Structures are given as C-alpha cells and as structure tokens.
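# A look at the structure
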Amino acid sequence: MSGRVRNFRRRADTDDNDDDNNNNTEQTTTTTTTKKPQSKPPPTTTTTQKPKKPSLLSFADDESTDDTPPIPRRSSNPTSSRSFQGRIALIGEKNEIKKGVFEDVVVDVSKTKGRKETEIGLSDNSGVDEEDDEDKMWEEEQVRKGLGKRIDEGVVGRGVSGSSVPSMVQSVQQRVVYPTVPVTSYSSGSGGLSIGGSVGWSAGSDTLSISQQAELSKKALLESVRRLKETHNRTLTSLTKTDEILADSLAKVTSLEIALAAADEKFIFMQKLRDYVSVICDFLQDKAPFIEELEYQMQKLHKERAEAIFERRTADSNDELTEIEASVNAAMAVFNKGGTTTSMVEAASTAAQAALTASRESKNLPVKLDEFGRDVNLQNRMDMKRRAEARQRRKARSESKRMSAMEIDGLIEGESSTDESDGDSSAYESNRDQLLELAGQIFSDADEEFSQLSFVKEKFEFWKKEYASSYRDAYMSLSISAIFSPYVRLELLKWDPLHQDSDFFDMKWHGLLYDYGMPDDKSEVNPDDADVNLVPDLVEKVAVPILQHELAHCWDMLSTKETKNAVSATNLVFTYVPLSSKAVVELVSVLHDRLSEAVSHLMVPTWNTYVLKAVPNAARFAAYSFGTAIRLLRNICLWNNILSISVLEKLALDELLSGKILPHLRSIQSNVDDAITRTERVVASISGVWSGPKVTGDRSPRLQPMVDYLIVLGRLLEKKQSYSGKNGLARRLKKMLVELNEYDHARHISRTFNLKEAL
C-alpha cells in the first residue's frame, strides 16, 4: 500500500475519532430540549481493513504531502458539532443517473427532514445490499470526510480568500471519480445545508448563498471546460505526432522492405559472381600457357626477321670490305714509295686491281674432303655465291629507287636503306598470319561471357556500379588488370611497333577499357578511384615489355622507318606510364645501349682522294659508309624528346660526329666540292637539335670541331682562285655557318667572297 493511501486512511481514522469525541461532548454538555433526528449514518468499516483504491483516492496526493496539521474543529459551536449530519449524502439508488457534486444545488430546506427520513428508510430496506456495496460505501465515506474537512478548514480560516473555494472544488472534481449515486440532502438541527456532498456550511454568518454557490459551480465548470479544451488540444497534438510517427514508421517499413529486397538481390548476385570469378580464374589459368607460347613464337618471328637482315648486311659489308681493303693496302704501299704523281697513281691502280683479283680467288675455297669423301667447303662456297648474287639483285633493284630518292631529297649514297627483300617480307607475313589465326582460336571453346572481353568487362563493371562498397572491399582495383591482361595480350600480338605506326585508340581493348567503371558524367570522375589507372597499368605491364623486346632484339638502328616507328611507340607508352616507372627506366636503358652499340660498330673509311681514285669501288664504298653514318646520326637525333640532351651530345656529337664522321671529312677535304656537299648532309642531319632557325641560345661547345672544319673549308676555297663555282660553294658554306649560329664567321665569308646576300 502506497504512502498516500496510508496517510489518507490515517487522517480518516483521526476524523472519525474527532467526530465521536465531539458527539460525546455534545450529548453530555448540551441543555437544549430539541430532539436530534435519529438518522442512521452510512455503515462504515474499519479503515485498516479496506483495500487500496488508487482511482478514488488520487485526490489525497496533496493531503499526503501537506505537512501543515489540520485545523481542529470547534466543539463549542453546535453548528460545528452537527456538520457531519449537515453534509449531503452521496449514497443513492443503484439505478439512478450519475450526477456531479454540484448538481441539484437548489434544495427546499423544509423538505430536508422528510428526505432524511426517506434516506433512513431506504437504508433500512437495503440492508441486504450493504455487504455488496461495502467497498463503495467506504470510498464515499472517505470522500465525504475529506471534503468536509477541507470546507471546515475554509470556514475556520477567515483569512482565506474566496478564490480558494473554487480551487478546492476544482481539485476535487479533477481527482475524484464519483460513482453513480443520487444527491441527498439532509438538514441538521441548526438548519444547515449541504450540496452534493462536497461542501457543507452551518447556519449563520458563514453560510454561502445560492448565487454564491452557483458562481462557484460556474467557475468550476468553466475551469473544467478550459482544462478539457487544453486536454483536447494536447490530444490533437499527440494525435498529430502519432500520425507523423506512424507515417515515419510506415516509411521505415517500406525502406526496410526495399533494403531487404536489395539485400536479397545482392546476395544472389554475389553468389553468382563468386561462381563466375572462380570459373574465369580457372579458365584464364588454363589458357595462360597457350598465350605465353604464342607471344614467344611471335617474338621469335620478329627476332629472326631482324637477325636475317642484320646478318645479310654484315656479310655483304664484310665481303666487300675484304676485297677493298686488300686493294687499298696495295695502293697505299705504292703511294708511300713514290708519292702522288700521275704515274704513281696508275701504278697504285694496277696494284689494287691485282690485289682485288687475288682476294676474289682466295675466297674460292679449295676442295677439302672429309673422311666420308664429302667437300667441307662446298657449302661455304655456295653461301658466298648466293650472297653475291642476292647482293647484285638487290643493288640492281634498288638502284632506281635510290637515285630517285637522292634527286628528290638530296640524299647521298647510303642514306636510304632497302635491306629487306621482298622474299623475306612475304615469308614473315605468312608465318605471322598463321600465329594470329591460332590466337583467334584460343578462347573459341568457351562461352561468350568468358571468351569475349566486352562480356567480362560488363560483368565486373556492373558489380562496381551497383555494389561499390563490396567491390572496394574486395580490392578489385588491384586484381582487375590481371583478369583483363590475357585478352589484351592476345590482341597485342598484332602490334608491330617497329613496322607499324599504330595507336592504342585504334585497338578494341583500349576502347572497351578506357572508360571502365567511369560514371556517365565524366565531370563526376573520382580522382581517387584506382580504376582510373586501369589502361596505364595494362600498358605498363603488357605493352612496355613488348616494346622493350622489340628495341632490344629486333630494332635496326640504321633503318629510318623503324626508328621513326620506335620513337612514335615510345612516346605513346610515355603518355600512359610515368617516367619514374621501373619499366620505363629499363626501356630507356635498352635504347641507350642499342644506340651506343650501333655507333661503336660503325666504320667510316678515312682514305684520301688518291686512294679513292686508284682503288676500284673504294669511292663508292666510302660514300656508302659515310651515308650510313649520316643515317645513324639522323636517327639518333630523332630521340631528342626522349633521351636527355647530354646523352644525345655524347652519342651524336662526341662519339659519332667527332669520332667517325669528321675524320672521314678531313680525309677528303682536298676535294672541296665533295667535302662541302657531305658537310651539308651533316648539318642537315642535326637540324632541329643543334642547328637550324628553331635552335636558340648558345651553340653547344661540342660542335666546335665542326665549326673549325667549316672554317678550314673556307680557307681552302679562298685559295682556289680560278675555281669556277667558288662563289656558289661560298654561299653554301656561309649558310651552314648561319645555321650553326656562327654569324661572325658567316660575315667573314661574305666579305671575303663579296657576297651581297643578307645573312
């Protein structure tokens, strides 16, 4: 039992004791002769035996917390002693309509006694129902006591304002739920009036009039209406919030249903994707050896083609050089003995011819039999004869091409190359087509979703766009290139970077993977997305090794066409792969080694003009060797945007120009016309890098030997007084000095030869 109920019952017991004491006092002390009505009070029971009634005793909260002791009742006042009998009973018939505390406030005082007697009679007749209504009677008794006590306190406390009564009535109305009983009124001996069982007043100056009671009731009703409206408003507000919460709950339920459906779809997709990834990994693992074998065969085919060209060129050069060197040695021996007179030139020519004949006879290897009677040198003689015949055919076939190129471009002997024969090209193309046909059948035994790159890309791209978090958690950006690389490697079998100037944009794999995983709006691309580097990763892992192998084993450094294609391919991969990449560093290292090797193996003869006249084919061989050197110099300059300028100067200017070309030019400087022509080819080959109008700034100090040679040619030309074409040669010489930014020497040439043209 709560503290409120215990406190309330304690006070109810105290009131009962006070009433009994007051009644005893009145019986012993009163002297009046008026007979007190014998009204039967409502049956009561012991307070301590009543059960807890929180719904009817809730109004006692204020009483239980009020520490102020109740005001004692005045026993000396007869009216006060009869206050209990003056209260209106709240007990009525069971079938009467429930009425409020202040209903039926207009009561006829003259009928009080009769109503009281009627109530007593009803009470006697309802004896059989007392036991059934015991709880209800006990509750109403406690209510009457509580209301009577509060009214008594209001009467005794004269200082209490009139506004306290409505608040008391309001408190009672708010806290007490009354049962359905009729309103009863009875009069005390003093004629006091009690209305609704809630307020009792004694006759005298403290009695409230009907209008005052009506005003109090009106105020109580208005306050109840006001509170009802507030409760209604709060209820509406709560209803609105409840509707909002309900709508939000429904939205959450819908969202959860959608999320559940999405999770179901994701689960199904992930299960299928797991199986797909497992199958495709096994599939690519099985196909990897076949792809590697095709790559090896294609690289071998390219290498064999390059080696065949290089070996044939080397063999032709060695065969011709062997014959010419013997003749040159014989002619030099004659010149060293007798000088350079006309008769000595003729003698040197005869000696050179004899040496050439002897050299050719020495190549005819004698018959040498082995233990089985076979000629060991027969195969060697047949190879030499075959090379000589093939060399003559190539020379005859390319002579017209070479001459037309020289007339159009101003090239000299050796600057253009036609080392590759038509037979070699046709054999290479046939083998290449066979390999590509096999490559097309590698994935032919699989379904399209495994054999076609477009289907594989669509599968993983859908995963990334729909379930980006799981795609990221699986670190697919690190492994997706390994899945796509077999398809890229098969397509790059067609890529021949030395003989085709092709771009990755023209390839199918690049078009499919260039925008892999990218949003439709390119402006929304996340720079932190690792798949942005998918194509660069594939270029670095697949394309760069192919190009490196081609440069290391298949590149002909003397071929201008192959060099241009190699430069284009290198610039192409540099647009995708950073220069700090290990693959790029290795590629540049291979490039430098091959160029340095080509320069070191190059031989340019330094025979003087007398030897060139005396020895047959010596002038042609020297011109061809010089043209080859110019071709190599021009090819080295093509790498100016890839190799550093210091590396280029070391290769082109120091090792090739100063070490190979200038010695040859000095050996023929007595023939000023030929020397100026060949020097022009040197200046033209370095144009755009160290010479020409596009070159600004100071001249490289490593070009000083070239400038010195031009000055020497100017002095030699100045000494030729009766030379008919001297002014034309002087203009050509001046032009070369201007291209080398040597304006002072160019002005000197103009003054010396009276040239009127501006620089």
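Let me sum up the structure you'll find in this document. (Residues numbered from 1 in each chain as written. Predicted model: local features only at pLDDT ≥ 70, side-chain atom pairs only at ≥ 80, totals over all residues. Heavy atoms only, no water.)

Counting residues in hydrophobic clusters, the biggest one holds 134 residues, and the most contacted among them are Phe484, Leu492, Phe504, Trp509, Val539 and Ile661. With 17 residues, the single largest contributor to this core is helix 8 (residues 210-338). (Core = buried A, V, L, I, M, F, W, Y, C linked by side-chain atoms within 4.5 Å. Buried < 20%, exposed > 50% of the residue type's maximum accessible area, 1.4 Å probe, protein only. Helix = DSSP H or I, 4+ residues; strand = E, 2+ residues; numbered from the N terminus.)

Looking now at helix 13 (residues 453-466). The terminal C-alpha atoms of helix 13, which comprises 14 residues, lie 20 Å apart, in line with the 20 Å expected from a rise of 1.5 Å per residue. All of the buried residues along helix 13 are Leu453, Val456, Lys457, Phe460, Glu461, Trp463 and Lys464. All buried residues of helix 13 project into a common sector of 155° when viewed along the axis, lining one side. (Expected span 1.5 Å × (residues − 1). Arc of directions from axis to C-beta.)

Residue Tyr475 is not a glycine yet carries a positive backbone phi of 55°. Positive phi outside glycine occurs at Asn754, with the angle close to 55°. Inspection of the secondary structure assignment puts Asn754 in the segment after helix 26 (743-752).

What follows concerns the packing of aromatic side chains. In the structure shown here, the tally under the stated rule is 17 aromatic pairs. Between Phe504 and Tyr576 the ring centres are 5.8 Å apart and the planes differ by 55°, which places this aromatic pair in the tilted class. With a gap of 72 residues between them, Phe504 in the loop between helix 15 (476-491) and helix 16 (508-513) and Tyr576 in the loop between helix 18 (560-574) and helix 19 (582-601) connect regions that are remote in the sequence. Note on Tyr576: relative accessible area 14%, which makes it buried. With 5.6 Å between their ring centres and 70° between their planes, Trp555 and Trp639 make a pair best called edge-to-face. Of the two residues, Trp555 is situated in the loop between helix 17 (534-554) and helix 18 and Trp639 in the loop between helix 21 (618-637) and helix 22 (645-667); the sequence distance between them amounts to 84 residues. (Phe/Tyr/Trp six-rings, centres within 6.5 Å; stacked < 30°, edge-to-face > 60°.)

With that settled, consider the pattern of salt bridges. Taken as a whole and assessed by the stated rule, the structure comprises 22 salt bridges. Measuring nitrogen to oxygen at the nearest pair gives 2.4 Å for the salt bridge that ties Asp556 to Arg313. Linking Asp556 in the loop between helix 17 and helix 18 with Arg313 in helix 8, this pair joins segments that are 243 residues apart in sequence. What makes Asp556 buried here is its relative accessible area of 14%. Among the charged side chains, a network of salt bridges with common partners joins Glu223, Arg226, Arg227 and Glu230. (Salt bridge = Lys/Arg side-chain N within 4 Å of Asp/Glu carboxyl O.)

The next thing to look at is the packing of helix 13 against helix 15. Across the interface, helix 13 lies against helix 15 with an axial gap of 10 Å and an inter-helix angle of 170°. The pairing of helix 13 with helix 15 is recorded here as roughly antiparallel in orientation. For the pair helix 13 and helix 15, contact is made by Leu453, Val456, Lys457, Phe460 and Trp463 and by Met476, Ile480, Ile483, Phe484 and Tyr487, respectively. Across the contact of helix 13 with helix 15, the residue classes break down as 9 nonpolar, no polar and 1 charged. (Axes fitted to C-alpha atoms, helices over the stretch in contact; angles between N-to-C directions. Parallel < 35°, antiparallel > 145°, perpendicular 65-115°, else oblique. Contact = heavy atoms within 4.5 Å. Nonpolar A, V, L, I, M, F, W, Y, C, P; charged D, E, K, R; others polar.)

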